[in-house]
Amino acid sequence: MSYLVVIEPGQHERNYWRDLWRYRELFYVLAWRDLAVRYKQTVIGAAWALIRPFLTMVIFTVIFGRVAKLPSDGTAPYALLVFAGMLPWTFFSSGLGDASNSLIGNANLISKVYFPRLIVPTSTLVVAFADLLIAFAILAALMGWYRFAPSWQILVLPVFIMFAFLASVGPALWVAALNVKYRDFRVVVPFMVQLGLYVSPVGFSSNVVPAHWRLVYSLNPMVGVIDGFRWCILGGQSHLYLPGLIASLAVTLFFLWFGIHRFRRTEKSFADMI
Amino acid sequence: MPPPVISVEHVSKRYLVGHRTERQIYGHTNLRDAIGRELRSAARKVVDVARGRQVVQGDTVEEFWALKDIGFEVQEGEVLGIVGRNGAGKSTLLKILSRITEPTAGRIVLRGRVASLLEVGTGFHPELSGRENIYLNGAILGMSRGEIRRKFDEIVAFAEIERFLDTPVKRYSSGMYVRLAFAVAAHLEPEILIVDEVLAVGDAEFQKKCLGKMDDVSRREGRTVLFVSHNMGVVTSLCPTVIWLEHGVIRQRGSARQVITEYLARRTDREQVICLSGVPRPQYVEEDRLRLQAIEWLSDLPLRHGEPVRARIHFKTRVPVSSVAIGIGFSNLEGTRLLTYDTDFQGEIRPDLSKSGEYSVDFCIASLPLAPDTYALDIGARSGHGHALDYLAACAQIEVIAGPMTPGFIVLKGAGVRLPCEWNWCFSEQERKLRLIG
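To keep things clear, this report deals only with the structure shown in the data block. Because the structure is a prediction, the values reported are computed rather than measured. (Residues numbered from 1 in each chain as written. Chains lettered and ligands numbered in written order. Predicted model: local features only at pLDDT ≥ 70, side-chain atom pairs only at ≥ 80, totals over all residues. Heavy atoms only, no water.)

## Quick word on the overall build of chain B
As a reminder, the rule being used: Going along the chain from the N terminus, every DSSP run of H or I of four or more residues is numbered as a helix, and every run of E of two or more is numbered as a strand. For each residue, the accessible area found with a 1.4 Å probe, counting protein chains only, is set against the maximum for its type, and the residue is called buried under 20%, exposed over 50%, and partly exposed in between. Residue contacts are defined here by distance: any two heavy atoms, one from each residue, within 4.5 Å place the two residues in contact. Only the protein chains shown count as covering a residue, and every accessible area follows the Shrake-Rupley method with a 1.4 Å probe.
Along the backbone of chain B there are 11 helices and 18 strands. Across the 438 residues that make up chain B, the buried fraction comes to 45%. Looking at chain B alone, contacts between residues at least 24 apart form 70% of all its contacts between residues at least 6 apart. Of the accessible surface of chain B, which amounts to about 22700 Å², a share of 52% is contributed by carbon and sulfur atoms.

## A short note on helix H3 (residues 47-67) of chain A
Residues and elements named next belong to chain A. Here is the rule we go by: A helix is expected to span 1.5 Å for every residue after the first.
The end-to-end C-alpha distance of H3 is 29 Å, a good match for the 30 Å that 21 residues give at a rise of 1.5 Å each. Buried residues in H3 make contact with helix H4 (78-105), helix H6 (119-145) and helix H8 (185-199). Note on H3: the residue one or two positions beyond its end, Lys69, has a positive phi of about 55°.

## Examining the packing of aromatic side chains
Let me state the cut-off plainly: Planes of paired rings set the category: under 30 degrees apart is stacked, over 60 is edge-to-face and the rest tilted, where pairs are Phe, Tyr or Trp rings (Trp by its six-membered ring) whose centres lie within 6.5 Å.
Within the structure shown, the criterion is met by 20 aromatic pairs over all chains. With a centroid separation of 6.2 Å and 85° between ring planes, the pair formed by Tyr23(A) and Tyr114(A) is classed as edge-to-face. One end of the pair, Tyr23(A), is in the loop between helix H1 (16-22) and helix H2 (24-38); the other, Tyr114(A), is in the loop between helix H5 (107-112) and H6, with 91 residues separating them in the sequence. Exposure class is identical for Tyr23(A) and Tyr114(A). Each is buried. Note on Phe315(B) and Tyr359(B): the rings are 5.7 Å apart at their centroids and 15° apart in plane angle, and the pair reads as stacked. One end of the pair, Phe315(B), is in strand S13 (residues 309-317); the other, Tyr359(B), is in strand S16 (residues 357-365), and 44 residues separate them in sequence. Classification of Tyr359(B) by relative accessible area gives partly exposed; the value is 25%.

## Focus: the packing of H6(A) against helix H7 (residues 157-181) of chain A
Residues and elements named next belong to chain A. Stated formally: Fitted lines through C-alpha atoms give the axes, limited to the stretch in contact for helices. The angle between two N-to-C directions lies from 0 to 180 degrees. Left-handed describes a crossing whose near helix is turned anticlockwise from the far helix through less than a right angle; right-handed describes the clockwise counterpart. Classification convention: Asp, Glu, Lys, Arg as charged; Ala, Val, Leu, Ile, Met, Phe, Trp, Tyr, Cys, Pro as nonpolar; all other residues, Gly among them, as polar.
Running from amino to carboxyl end, H6 crosses H7 at an angle of 145°, the nearest separation of the two axes being 10 Å. Judged by the twist between their axes, the crossing of H6 over H7 is right-handed. Only Leu157, Ile161, Phe165, Ser168, Val169, Leu173 and Ala176 of H7 make contact with H6, whose side of the interface consists of Pro121, Leu125, Phe129, Leu132 and Phe136. Across the contact of H6 with H7, the residue classes break down as 11 nonpolar, one polar and no charged.

## Focus on helix H5 (residues 145-159) of chain B
Residue and element names in this part refer to chain B. The following threshold applies: Bend is the name given here to the angle between axes fitted to two runs of seven residues, the run ending at a residue and the run starting at it.
The largest bend in H5 comes to about 55°, at Lys151. Within the sequence span of H5, burial applies to Glu147, Ile148, Lys151, Phe152, Ile155, Val156, Phe158 and Ala159. In the segment just after H5, Glu160 is the residue with positive phi, at about 55°.

## Re a nonpolar patch on the surface
All names here are of chain A. Definition in use: Two joining distances apply to patches: 9 Å for like charges and 5 Å for nonpolar side chains (Val, Leu, Ile, Met, Phe, Trp, Tyr), and every residue must have over 30% relative accessible area and no salt bridge. Every case where a carboxyl oxygen of Asp or Glu lies within 4 Å of a side-chain nitrogen of Lys or Arg is listed as a salt bridge.
A cluster of nonpolar side chains, namely Ile44, Trp48, Leu50, Ile51, Phe54, Leu55, Val58, Ile59, Val62, Ile63 and Val67, defines an oily patch on the protein surface of about 910 Å² accessible area. Relative to the assigned elements, Ile59 resides in helix H3. What makes Ile59 partly exposed here is its relative accessible area of 48%.

## Describing the pattern of salt bridges
In the structure shown here, the tally under the stated rule is 16 salt bridges over all chains. Via salt bridges that share partners, Asp342(B), Asp344(B), Arg350(B) and Arg382(B) belong to a single interconnected network.

## Points about the interface of chain A and chain B
Put simply, the test is: Buried area is calculated as the accessible area (1.4 Å probe) missing from two parts once they are joined, with the contributions of both summed. The criterion for strand pairing is that DSSP finds at least two bridges linking the strands in question.
Between chain A and chain B, the contact holds 39 residues from the first and 48 residues from the second. Of the roughly 3800 Å² buried where chain A meets chain B, counting both sides, 60% is carbon and sulfur surface. Along the contact surface separating chain A from chain B lie one salt bridge. Put simply, Asp272(A) and Lys13(B) hold a salt bridge, and the shortest N to O gap is 2.6 Å. When residues of the side of chain A that touches chain B are traced back to their parent elements, those giving at least two are strand S1 (4-7), H1, H2, H5 and helix H12 (270-273) of chain A. The leading source of residues in the side of chain A that touches chain B is H2(A), at nine residues. Considered class by class, the residues forming the side of chain A that touches chain B number 22 nonpolar, six polar and 11 charged. Taken together, the four bridges between S1(A) and strand S4 (residues 105-111) of chain B define a ladder with antiparallel strand orientation. Note that in S4(B) the partner of Val5(A) across the bridge is Leu110(B).

## Focus: the pairing of strand S18 (residues 387-401) of chain B
All names here are of chain B. Two elements, strand S12 (residues 303-304) and S18, share two bridges in a ladder whose sense is parallel. Each residue of the ladder has a partner; that of Arg304, found in S18, is Ile401. Alignment of strand S17 (residues 373-383) against S18, held across 10 bridges, turns out to be antiparallel. In the sheet register, Arg382 faces S18, and the bridge partner there is Ala388.

Below you can see the structure in the form of structure tokens.
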């Protein structure tokens, strides 16, 4: 017999990653389901994915660029600076929000079928990723409007998209697991995301942060991600602060390990608590 | 002998349950007590959160062992039935075997791919079409896309929903929904199949089809099946061996017929007298002019199909009550009334009870028409033309077993009420001649 499963309290580690691989189709299917269902019975459908970031961008440009008169990176138009930051931030915030509720939203699956639970929150990130791709269309339009040509750095963008993904997965897993046990996080997550929008350099350039605080500031992983996006999209106009990037990456990797660790520790009791 | 496909050793499962003391029983307490209790409860929750433990509602926490030291083995190709009352631990056991939840103690070894069917239509999304849901549900149950594609036509044909493949399932009738859901699950091909009470869905025709499919899976394809059901007929016909769970322990394991006979004998209210005075009444019975006290069986239990049943209903009046009628009814466990007997059914007098005191009324059913099964007993008292004096729905579970005259074919199928009537066969001229010659 090819397949042997041993069930004991506190450990069925051995098969975990193999199972995850075996259930990869479920990952695609759940992601596809979330995408397919997302804009059913809405009037303007996927246009919502365009309108939300666009309006936020307009407001931020007016408030931070016009009213507060913060400087842009080099000669880049302020709207582009904001939008380049909005891209990863929207991905992170909607990904975190969806993932944190994903286990509860799929409670019927979790209490009735076995599969590696890791699939549920990670597959919701695919929806956020699809929105990110749609938002790139706005970016292209904006760049055309401002006649702003990207330079070679744009080719590195996939690396930073990956970075954004990793930075989202860790906290998303952690919060998703916590949310099963303590529903308080339903309230906490949107609040944290709201705060994070102002703590992270979304509406302004991280150059406005005093130099001696910059490294500490970069402990927020989204600082590294957003700076990276800006560096790629605005080309030479934005400078990459390398120590900060490394700090962000280190924190991201820590959260990735921590999120997976916490998630795996608690996932076996999800069905009892959900 | 080859190693067992499933071996379960000393498996236990503990749950924590919270209780709310006093408050709920007495309704009001003073504010200071209430605040004190809330604070204590909140403090405990904070400690729980800090230690990463589960938060339990209520102010006292109790351990509850859903399973206690369970052990058994299942050989390849064996079909094992699991029976027991609600709360006996059947579903917990299946959940542990399906790896949905983990045991608190013990060890289980499974040799083969497990697919579990604890619910029909898990993960169906109402907005998606039938076609899309087949792929979704298949993937959730562990089928690969290629596997689903190969069996797609077969699934659609089994579910009989060809015309509605591209309709969102939220527009399906409940029958179509259930058929589609079962069809997907029925085409799983695991080495070990775990099924929990999912056949009790759909119309009779479809149930028969599902049972046939289950029989195929177990007998012809030689898979190992664990099967939980409350339908003893189905368990007996599908499973050669049965485990009887009670309060989280295995009470008995053996051949289906033997275990189920004993299980049925224990399962129901075997008391010769069923006391009714403490049973809660429905809201519309607000006065207590008359209270049903007890029903006393004068015949031996369990009741037998086709045999006479005699019983006495005891009741008490507090004030004079006029025009009293008493009725007794048998319902199936879903709550549908199957059979009713009333004291005034054919216009018999309704006595006026002019004194308060204790009374009783006897009844005798000459031949019990209920087929062998478990029924819920309803009992009520009316005054005049229908004003409810007292009413108790499903106040006891009554087992009816086969009597000496019961034909074998009705034992397995829930046949409901069977009554005699006059039949005349009409044969063709030719046949009549043949019969005369023969």
